[in-house]
Protein chains: 2
Amino acid sequence: MTPARPSAPAPSPNLALNQLVDRRRARGESLVHLAFGEARLPVLPQLAARLAAGASRAAYGPVAGAEDVRTEVAGYFTRRRQPTTADQVVVAPGSKPLLMALQLTVPGDVLLPSPAWNTYAPQARYAGKRVFGVPVPAQCGGVPAPDALRTALREARAAGGDPRLLILTLPDNPTGTLAPPALVRELGALAREEDLVVVADEIYRDIVHDPDRTPFLSPAEVAPERTVVTSGLSKTLGLGGWRIGVARFPAGDTGERLRAGVIAVASELWSTLAGPMQHVAAYAYAEPPEITERVRAAARLHGAVARAVHRIAVDAGATCRPPTAGFYVYPDFEPLRERLAARGVTDSASLAGALLDGSGLVVLGGHLLGDDPHALRFKAATSLLYGDEEQQAAALAADDPTRLPHVAGELARIAEGFARLLD
Amino acid sequence: MTPARPSAPAPSPNLALNQLVDRRRARGESLVHLAFGEARLPVLPQLAARLAAGASRAAYGPVAGAEDVRTEVAGYFTRRRQPTTADQVVVAPGSKPLLMALQLTVPGDVLLPSPAWNTYAPQARYAGKRVFGVPVPAQCGGVPAPDALRTALREARAAGGDPRLLILTLPDNPTGTLAPPALVRELGALAREEDLVVVADEIYRDIVHDPDRTPFLSPAEVAPERTVVTSGLSKTLGLGGWRIGVARFPAGDTGERLRAGVIAVASELWSTLAGPMQHVAAYAYAEPPEITERVRAAARLHGAVARAVHRIAVDAGATCRPPTAGFYVYPDFEPLRERLAARGVTDSASLAGALLDGSGLVVLGGHLLGDDPHALRFKAATSLLYGDEEQQAAALAADDPTRLPHVAGELARIAEGFARLLD
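Just so it is clear, the model here is predicted, and its values are computed rather than measured.

### Here we look at the overall build of chain A
Moving on, step 1. Across its full length, chain A holds 15 helices and 14 strands.
Moving on, step 2. With respect to the three principal axes, the spread of C-alpha positions in chain A is 60 × 55 × 45 Å.
Moving on, step 3. Carbon and sulfur atoms provide 53% of the accessible area of chain A, an area that totals close to 14,600 Å².
Moving on, step 4. Each charge sign in chain A was given a centre, from 44 positive and 45 negative side chains, and these centres are 2 Å apart.

### Thoughts on the sheet that holds strand β10 (residues 328–329) of chain A
Strands belonging to one sheet form pairs held by backbone hydrogen bonds; the direction of such a pair is parallel or antiparallel.
Residues and elements named next belong to chain A.
Moving on, step 1. Read across the open sheet, the three strands follow the order β10-β14-β13; overall the sheet is antiparallel. The outermost strands of the open sheet, each flanked by one partner alone, are β10 and β13 (364–365).
Moving on, step 2. Across two bridges, the pairing between β13 and strand β14 (residues 378–381) is antiparallel. Bridge pairing in β14 places Gly 365 opposite Phe 378.

### A word on the relation of the copies chain A and chain B
Moving on, step 1. Between chain A and chain B, which share one sequence, the superposing operator has a rotation angle of 180 degrees and an axial displacement of 0.0 Å; the RMSD is 0.0 Å. Taken together, the rotation and translation relating the two chain copies correspond to the operation of a two-fold axis. Distance from the rotation axis, computed per C-alpha, reaches its smallest value in chain A at Ala52(A): 2.2 Å.
Moving on, step 2. With an isologous cut-off of 70% or more, the 98% of interface residues of chain A that recur at the interface of chain B puts this contact in the isologous class.

### As for the interface of chain A and chain B
Moving on, step 1. Between chain A and chain B, the residue contacts involve 60 residues of the former and 59 residues of the latter.
Moving on, step 2. Here chain A and chain B share an interface that buries about 4,600 Å² over both sides, 62% of which is from carbon and sulfur atoms.
Moving on, step 3. The largest share of the area that chain A buries against chain B comes from Tyr60(A), Glu268(A) and Leu269(A), three residues that together contribute 17% of it.
Moving on, step 4. Inspection of the region where chain A meets chain B yields zero salt bridges.
Moving on, step 5. At the boundary of chain A with chain B, the tally comes to 22 residue pairs in polar contact (both at pLDDT 80 or more).
Moving on, step 6. Going through the elements one at a time, α1 (13–26), α2 (45–53), α4 (95–105), α5 (120–126), α9 (253–269) and α10 (275–285) of chain A are the ones with two or more residues in the side of chain A that touches chain B.
Moving on, step 7. Residue classes in the side of chain A that touches chain B are distributed as 34 nonpolar, 18 polar and eight charged.

### What about the pattern of salt bridges?
Moving on, step 1. Tallied over the full model, the rule gives 44 salt bridges over all chains.
Moving on, step 2. Across the salt bridge formed by Glu29(A) and Arg24(A), the nearest N and O atoms sit 3.1 Å from each other.
Moving on, step 3. The shortest N-O distance in the salt bridge between Arg226(B) and Asp195(B) comes to 3.1 Å. Taken as a pair, Arg226(B) in the loop between α8 (219–222) and β7 (227–232) and Asp195(B) in the loop between α7 (181–193) and β6 (197–201) lie far apart in primary sequence, 31 residues in all.
Moving on, step 4. Owing to a relative accessible area of 11%, Arg226(B) belongs among the buried residues under this scheme.

### Structural notes on the side chain of Arg243(B)
Moving on, step 1. The residue Arg243(B) is located in the loop between β7 and β8 (245–248) in this model.
Moving on, step 2. Despite its burial, Arg243(B) pairs with no opposite charge, the nearest such side chain being Glu38(B) at 8.9 Å.
Moving on, step 3. From its side chain, Arg243(B) meets the backbone oxygen of Trp270(A) in a polar contact 3.2 Å long.
Moving on, step 4. In terms of polar contacts, Arg243(B) uses its side chain to reach the side chain of Ser271(A), at 3.4 Å.
Moving on, step 5. Setting aside its immediate chain neighbours within four residues, Arg243(B) contacts Tyr60(A), Trp270(A), Ser271(A), Thr272(A), Leu273(A), Ala274(A), Ala92(B), Pro93(B), Gly94(B), Ser234(B) and Leu273(B).

### A closer look at the packing of aromatic side chains
Residue and element names in this part refer to chain B.
Moving on, step 1. Evaluated as defined, the whole model comprises 20 aromatic pairs over all chains.
Moving on, step 2. Taken together, a centroid distance of 5.2 Å and an interplanar angle of 85 degrees make the contact between Tyr 76 and Phe 77 edge-to-face. Each member of the pair Tyr 76 and Phe 77 is classed as buried.
Moving on, step 3. Ring geometry for Phe 333 and Phe 418: centres 5.5 Å apart, planes at 80 degrees, overall edge-to-face. One end of the pair, Phe 333, is in the loop between β11 (331–332) and α12 (337–341); the other, Phe 418, is in helix α15 (residues 405–421), with 85 residues separating them in the sequence.
Moving on, step 4. We classify Phe 333 as buried; its relative accessible area is 0%.

### A word on the sheet that holds strand β13 (residues 364–365) of chain B
Residues and elements named next belong to chain B.
Moving on, step 1. With respect to topology, three strands assemble into an open sheet ordered β10-β14-β13, the strand pairing being antiparallel. The open sheet has two edge strands with one neighbour each: β10 (328–329) and β13.
Moving on, step 2. Examined bridge by bridge, β10 and strand β14 (residues 378–381) share two bridges and lie antiparallel to one another. By the bridge assignment for β14, Val 329 is matched with Ala 380.

### Digging into the UniProt feature "domain: Aminotransferase class I/classII large" (unreviewed entry) in chain A
Moving on, step 1. Residues annotated in UniProt with the feature "domain: Aminotransferase class I/classII large" (unreviewed entry) correspond here to residues 38–380 of chain A.
Moving on, step 2. As a span, residues 38–380 of chain A carries 41% helix and 15% strand, and end to end its C-alpha atoms are 12 Å apart.

### Brief notes about the side chain of Lys235(B)
Moving on, step 1. Along the chain, Lys235(B) falls in the loop between β7 and β8.
Moving on, step 2. Separated by 3.0 Å, the side chains of Lys235(B) and Tyr60(A) make a polar contact.

### A word on α4(A)
Moving on, step 1. For α4(A), a buried count of 11 out of 11 residues is recorded, marking the element as mostly surrounded by other parts of the structure.
Moving on, step 2. Inspection of α4(A) places Ser95(A), Lys96(A), Pro97(A), Leu98(A), Leu99(A), Met100(A), Ala101(A), Leu102(A), Gln103(A), Leu104(A) and Thr105(A) among the buried residues, and these make up the whole buried set.

### Let's talk about a negative patch on the surface
Moving on, step 1. A cluster of acidic side chains, namely Glu67(A), Asp87(A), Asp253(A) and Glu256(A), defines a negative patch on the protein surface.
Moving on, step 2. Residue placement: Asp87(A) occurs in the loop between α3 (67–78) and β2 (89–92).

### Quick notes on the state of the cysteines
Residue and element names in this part refer to chain A.
Moving on, step 1. In the structure shown here, the tally under the stated rule is zero disulfides over all chains.
Moving on, step 2. Between Cys 140, a cysteine without a disulfide, and Cys 320, which holds the nearest cysteine sulfur, the sulfur-to-sulfur distance is 16 Å.
Moving on, step 3. A residue is classified by how much of its surface remains accessible, and Cys 320, at 13% relative accessible area, is buried.

### What to know about unusual backbone geometry
Moving on, step 1. Of note, the bond from Leu170(A) into Pro171(A) is cis; its omega dihedral lies within 30 degrees of zero at -15 degrees.
Moving on, step 2. Its identity is not glycine, yet Arg81(A) carries a phi of approximately 65 degrees, on the positive side.
Moving on, step 3. Within the secondary structure, Arg81(A) is located in the loop between α3 and β2.
Moving on, step 4. At Arg243(B), a position not held by glycine, the phi torsion is positive, near 60 degrees.

### Things to note about the environment of Ser267(A)
Moving on, step 1. Structurally, Ser267(A) is set in helix α9.
Moving on, step 2. On the basis of relative accessible area, Ser267(A) is assigned to the buried category, the value being 0%.
Moving on, step 3. Those residues in contact with Ser267(A) that sit more than four places away from it in its chain are Val63(A), Pro11(B), Ser12(B), Leu15(B), Lys96(B) and Thr119(B).

### Details of the nonpolar core
Moving on, step 1. Of all hydrophobic cores here, the largest spans 121 residues; its most connected members are Leu47(A), Leu111(A), Trp242(A), Leu47(B), Leu111(B) and Trp242(B).
Moving on, step 2. Residues in contact with Leu47(A), not counting those within four places in the same chain, are Leu237(A), Leu239(A), Trp242(A), Val280(A), Tyr283(A), Ala284(A) and Ile291(A).
Moving on, step 3. Leu104(A), Val90(B), Val106(B) and Ile263(B) belong to the second largest nonpolar core, which has 78 residues in total.

### As for the environment of Thr151(A)
Residue and element names in this part refer to chain A.
Moving on, step 1. For Thr 151, the position within the fold is in helix α6 (residues 146–158).
Moving on, step 2. Given the relative accessible area of 30%, Thr 151 is considered partly exposed.
Moving on, step 3. Along the chain, Thr 151 and Val 134 lie 17 residues apart, while their C-alpha atoms are 8.9 Å from each other.

Definitions and cut-offs
Residues numbered from 1 in each chain as written. Chains lettered and ligands numbered in written order. Predicted model: local features only at pLDDT ≥ 70, side-chain atom pairs only at ≥ 80, totals over all residues. Heavy atoms only, no water. Helix = DSSP H or I, 4+ residues; strand = E, 2+ residues; numbered from the N terminus. Areas by Shrake-Rupley, 256 points an atom, 1.4 Å probe, with all protein chains shown as cover. Lys, Arg positive; Asp, Glu negative; His and termini not counted. Charge placed at Lys NZ, Arg CZ, Asp CG, Glu CD. Pairing = 2+ DSSP bridges. Least-squares fit on C-alpha atoms with pLDDT ≥ 70 in both. Contact = heavy atoms within 4.5 Å. Buried area = accessible area lost by both parts, 1.4 Å probe. Salt bridge = Lys/Arg side-chain N within 4 Å of Asp/Glu carboxyl O. Polar contact = N/O pair within 3.5 Å; in protein donor to acceptor, adjacent residues only side chain to side chain. Nonpolar A, V, L, I, M, F, W, Y, C, P; charged D, E, K, R; others polar. Buried < 20%, exposed > 50% of the residue type's maximum accessible area, 1.4 Å probe, protein only. Phe/Tyr/Trp six-rings, centres within 6.5 Å; stacked < 30°, edge-to-face > 60°. UniProt positions renumbered as here; feature names shortened; annotations may be inferred. Patch = residues over 30% accessible without salt bridge, like charges linked within 9 Å, V, L, I, M, F, W, Y side chains within 5 Å. Disulfide = S-S within 2.5 Å. Core = buried A, V, L, I, M, F, W, Y, C linked by side-chain atoms within 4.5 Å.

Printed below as a string of C-alpha cells:
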C-alpha cells in the first residue's frame, strides 16, 4: 500500500524559517536565529582558489564523479576505519540528493529516529514510502534503542508496512549527541538479523567537539556489507552554499547494487556534481593541513557555543542532553510544563511561537522533526551566533569564543528569552 | 493506480553510453561519439572569472535562488516575449532536478512526445506516474499533432490513467526540429480545454540555427497561465558540467501554486543552486554582448555540422527531418529496411549495434527514447565532432566549420559508417 503523495508539498521547515528570518530582519526586527543548521564561517582562501582553478571542468563527466575526486573521498573514509576504493564513492550536489536517490533505490518503507532531521520523512513520502518513527531516548545519542526498534519493526509489519531502510544520524541532528559504540554494535547486529539497509548520515562526524573523549563507531564498521554512509562539506567547512555531498557504498554485491541504483537515479535527477565543485572536493577530501586545522578550529568553536546554550537551557529549568558534536542542542521544557501552561504554552508549536513572538528567538519546534507534538522540545542551532565574517574569524581563533562581545550578547539574549517564557 | 517503481533503476542511456565510450577509448578504440548531447565548447574566460568571483557565496541562501540571479533570469525571459518578474523564477543545479520537482508537484500522469528526451519517462516513474506516449509526425517539429494528443488522452483515461502534465520540447530533442507556431497555438488551446499543465523544455531555444527564418512561439505565450518553461546554460554556453538550470513559472494562482510546490521539493531534494553558480547565472542571463556573440557563434556552428550530418544520412538513403535547431539529427533508415534486414539489422537496437560494432559510430537507438523499437531510427548528436579545445575555438570562428580537417574527418567516418551498413 503506497500512501498518497501530498498534493501540495510544504517547504522544508528549516529553510522556510530561514526565509522568514530574512524577511523579518529586512523589516528591521532583531532576531536570534537558532533554526538553521548552517555553519556560517569564512571561506578558506585555498578553497576559493581551488574553485577558480576548477572552471575548466565544464564537461558533464561521469555521473558518480571523476576518478580523482572519488579517489580522495575514498582516502578520507579509509583514514576513518572504513577502507574504501574510488569505485565505492558517488559525489553529488549535496547529500540531500544522495539521500533521496537511496530512498528511490532501496525498496520498501523506512525507519526513522524520532526526532530526526526534517528532510528524511518528506523524501520518503516523495519516494512513495511509509515512515515509521522510533523514539530516541536521551541516553542513546540520537539513535533508537534496539528493543524499541524491534517493537517498531513488528508494529510496522503488522500495519502492512515493509521497513527495509533504517536511517541513523551520527552524530545526531537535532540532538547534538552521538550514539555510543556499544549501541551502534547492537543496531548493526539487528540490521543484519532483519535484513535492513542502513543509511548512516555522518555529515557531522568531523564536528565531534572533543574527539579524544568521544569514541566514534560507524555502522559501516559493524555492518559493512549493508551500510551506506553519506557526508559532505557543508557542515565541516561552512560550505552549505557550495552543495558538495558524498556517499560511500559497501564493498560487495549489495553495495554494488545500491551504488548502481543511486547512479541510475542520479543520471536522471541531477547528472553529476558540478565540475568545479568536484575540483574543490578532490582538494578538501585529501585533507591537507590547512583543511584539518580549520575543521579542528571549527569543531572547537561549535562545541564551546553549543555547550554555552546547553548551560543556559539547563539554568532556565529545562532538561537538555549535553551536546558532544555538531552545533545543536535539544532542550526539553517538560519540568516547567505547569508554569508554561499558565502562559498558554502547551506544546512544541506554542513553545516555539512564544520564543519567537516574546523574544525574537527562532527555534525549530520538535513537531517539525517528527517528535511528539505535545512535548515541549525544540532544536536550537547555535552556529549562526558567530556574527559577521570578521567576527566569525575572531570566534574561530578565540580561546573562549563565548566571551567575545558579539557571541556573549547573543547568548544573553537567549538566556533572557528563556527567562521571559516564565515571567 | 500507481505503477510499481522499477526495482533496479537503470542509468540514463545517454550517460551510460558516454561512460562506455570513455572506457572503450581508454582501451584504444577509435569511436565517433554521436550519443551524447553535450555542447563541448571552450569556457568563456568571463564565465570563469565570474565563477571565481562567486566563491564568497557559500551560505545556503533562498531555495529558489538569490534575488539578483532571479531578476536577471526574469529579464532573459522578458526579452523573449515572456514577461517575467523575479518571483516567477527558480534556479537549480541543472534543469533535470526542476523537471523532477515538477513531476512530483503536478498530480496525475504524464503525456510525452514519442520519441522524447530519455529523462522525462524515468523521472515520471520515480514520481509514481504513468507515461502515455504520443507519436510525433515529421512535420510537427517534435510535438504531437493535436488530434493524436486528443486520442491519446481519451485512451489514457479509458485505461484508468489521469494525464495532467504535457511535456513539450521546443526546439526538440531528439529530432533537432522546432514546432511551427500554428501547431503550438493549437496545443495551447487543447491544454486549456483539457486542463493540462504544460512543461515547455526550452533549453535549446537559443540554438535555433537561423532565427530569422525560424519563428519561435512558446507555449508560455499561448497558454501563459498553465505553462512552466525550463531552460539552462548547459547547451547554449557549453556548461553542462556546471549544472545551471532555471524554471519560469506562470504569473497567477496556478503558477504560484506550482512554484511553491517546486520550491518545497527543492528544499528537500537539493536545497538550492550552488552560490558561485548563481553568480555565474546572474551574469550570463543578463546577456552582455560577449555572451550573445558566443551563443550566436555556437548556434551557427551547431547548425552547420548538424546539417552536414543530415545530408550524409539522406545521401545514404535514410529519410531525415532537416534540423533547424540544437545539435541533433534523427535519421530513419526505413527506406533501406530490406537491405538492412539481409544483414541482421531489423530494429533500432540492432541498427545502433551495427553502427557501433561495424564502424565505431555511437548513436542512441530510438527505442531508448520511447520511439517504436521496430523502427530503424536513432538520434545522432553532432556536438562532439568539434575536436579538442583548440579545434573547438577554430570551429566557432570558421566560416564553414565542416571543411576544417578534424570536422571533415569525423563527417567522412560517419558517411563511411552509414555506407558500411549496406555493404
